[in-house]
Amino acid sequence: MQFPHSHTLTLREKNGVPFYTFPAFDALPFIRHGISTRLGGVSQGIWTSMNLGFSRGDDPDAVRENYRRICRAMGIAAEDVVQSDQQHHTHLYEAGPDDRGRGVLREKVICDVDGLLTDHPRVALCTLYADCVPLLFVDPVRKVVAASHSGWKGTAARIGAVTVERMTQSYGCRREDILAGIGPSIGPCCFEVDNPVYEVFAAMPDIFGPGCWESFPEGKYHLNLWEINRRILIEAGIREEHITVTDLCTRCRPDIFWSHRAEGNARGSLAAFIELTD
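Note that the structure is a prediction, hence the values are computed from the model and not measured.

Next up on the list: the overall build of the chain. On a plain count of helices and strands, the chain comes out with seven helices and 15 strands. A compact globule built from 278 residues should have a C-alpha radius of gyration of about 19 Å, and the chain, at 17 Å, falls within 12% of that. Across its three principal directions, the C-alpha atoms of the chain cover 45 × 45 × 35 Å. Across the 278 residues of the chain, 56% fall into the buried class. Summarising the internal contacts of the chain: among those between residues at least 6 apart in sequence, 66% fall at separations of at least 24. When the accessible area of the chain is evaluated, it comes to approximately 11200 Å², of which 47% is carbon and sulfur surface. Charge separation in the chain, taken as the distance between the mean sites of 29 positive and 36 negative side-chain charges, equals 3 Å.

Pasting the structure below:
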């Protein structure tokens, strides 16, 4: 398998399980993190092989084994993973030790939540994707991490800025200390929308401008969710040099990543993980 080269992320592999990481996060010894691919798991059929979504119709035992494998590769315990029910909103949840295992090895009881935060070690935050944008955050000073799921609706609602604000309010983080990563997702090459969605973003004049969109015939547009999220994070107070932006499009490489645009509902799910170590 020929993996796409990235100028901004690092491809890693352990025990036959590949995943991507942000170099700025790799430099922090108290952080474990990664974003999965669709490879290295045990699922069969349309979910072959690393499907991490329990709601896709896959065998739950296979999904649990996939979590064990990807977590082992990243140095995370599957028993520590916390996952919520995502609904494309901007609701956040502050996870603690009692939440370990929820959504993966225990019942998923954190509902209607698209962003998770914690300052507790060994609470591994996990969010799911198949073209939507993974946003990961680290405050290396206050030792706080966060993960937010930013589809086009979440991006338009500025979930990245909402996450930064919660980090400052709940944990005393300083915006200028926070590092952020924008992970593999559908790129400006492939994210085609019609006029109603375009107008949602056009109503964000402080963010939406040249570099955020390209027009095509018949009222179609390509939106750059990577750049829009980057500008939202800068507007929220994160330093430009503290933001890593992916250059990997999930729709372009459905052989490596799960992509809803490429495969519709007959697919699995990717996951982004981040945790503090002891």
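More follows now that the structure is in view.
Take the sheet that holds strand β15 (residues 270-276) next. As summarised here, the arrangement of the six strands in space is β1-β2-β3-β15-β7-β4, forming an open sheet in which the pairing is mixed. Either end of the sheet is taken by a strand with one partner, and the two such strands are β1 (10-14) and β4 (81-83). When the angles between neighbouring strand axes are averaged without regard to direction, this sheet yields 30°. Here strand β3 (residues 31-36) runs beside β15; their pairing, made up of five bridges, is antiparallel. Residue Gly34 lies in a different strand from β15, and its bridge partner there is Phe273.

A few words now on the pattern of salt bridges. The full count for this structure, using the stated rule, is 18 salt bridges. The closest approach of N and O atoms between Arg102 and Asp99, which form a salt bridge, is 2.5 Å. One salt bridge connects Glu176 with Arg174, and the closest N-O pair in it is separated by 3.5 Å. The structure contains a network of salt bridges with shared partners spanning Glu227, Arg230, Arg231 and Glu240.

Relative to the elements of secondary structure, Ala62 occurs in helix α2 (residues 60-74). Beyond its immediate chain neighbours, meaning those up to four positions away, Ala62 contacts Val42 and Ser43.

Topologically, Leu179 is positioned in strand β10 (residues 179-182). On the basis of relative accessible area, Leu179 is assigned to the buried category, the value being 12%. Residues Leu179 and Glu241 lie 62 residues apart in sequence; the distance between their C-alpha atoms is 8.7 Å. Those residues in contact with Leu179 that sit more than four places away from it in its chain are Ala24, Phe25, Leu28, Leu136, Phe137, Val138, Pro140 and His242.

With that settled, the discussion passes to α2. In this model, α2 (15 residues) spans 21 Å end to end at C-alpha, consistent with the 21 Å of a helix rising 1.5 Å per residue. For α2, the complete set of buried residues consists of Ala62, Val63, Asn66, Tyr67, Ile70, Cys71, Ala73 and Met74. In an axial view of α2, the angular spread of the buried residues amounts to 165°, which keeps them on one side of the axis. Buried residues in α2 make contact with β1, β2 (17-21), β3, β4, β7 (124-129) and β15.

Definitions and cut-offs
- Residues numbered from 1 in each chain as written.
- Predicted model: local features only at pLDDT ≥ 70, side-chain atom pairs only at ≥ 80, totals over all residues.
- Heavy atoms only, no water.
- Helix = DSSP H or I, 4+ residues; strand = E, 2+ residues; numbered from the N terminus.
- Rg over C-alpha atoms; globule rule 2.2 N^0.38 Å.
- Buried < 20%, exposed > 50% of the residue type's maximum accessible area, 1.4 Å probe, protein only.
- Contact = heavy atoms within 4.5 Å.
- Areas by Shrake-Rupley, 256 points an atom, 1.4 Å probe, with all protein chains shown as cover.
- Lys, Arg positive; Asp, Glu negative; His and termini not counted.
- Charge placed at Lys NZ, Arg CZ, Asp CG, Glu CD.
- Pairing = 2+ DSSP bridges.
- Axes fitted to C-alpha atoms, helices over the stretch in contact; angles between N-to-C directions.
- Salt bridge = Lys/Arg side-chain N within 4 Å of Asp/Glu carboxyl O.
- Expected span 1.5 Å × (residues − 1).
- Arc of directions from axis to C-beta.

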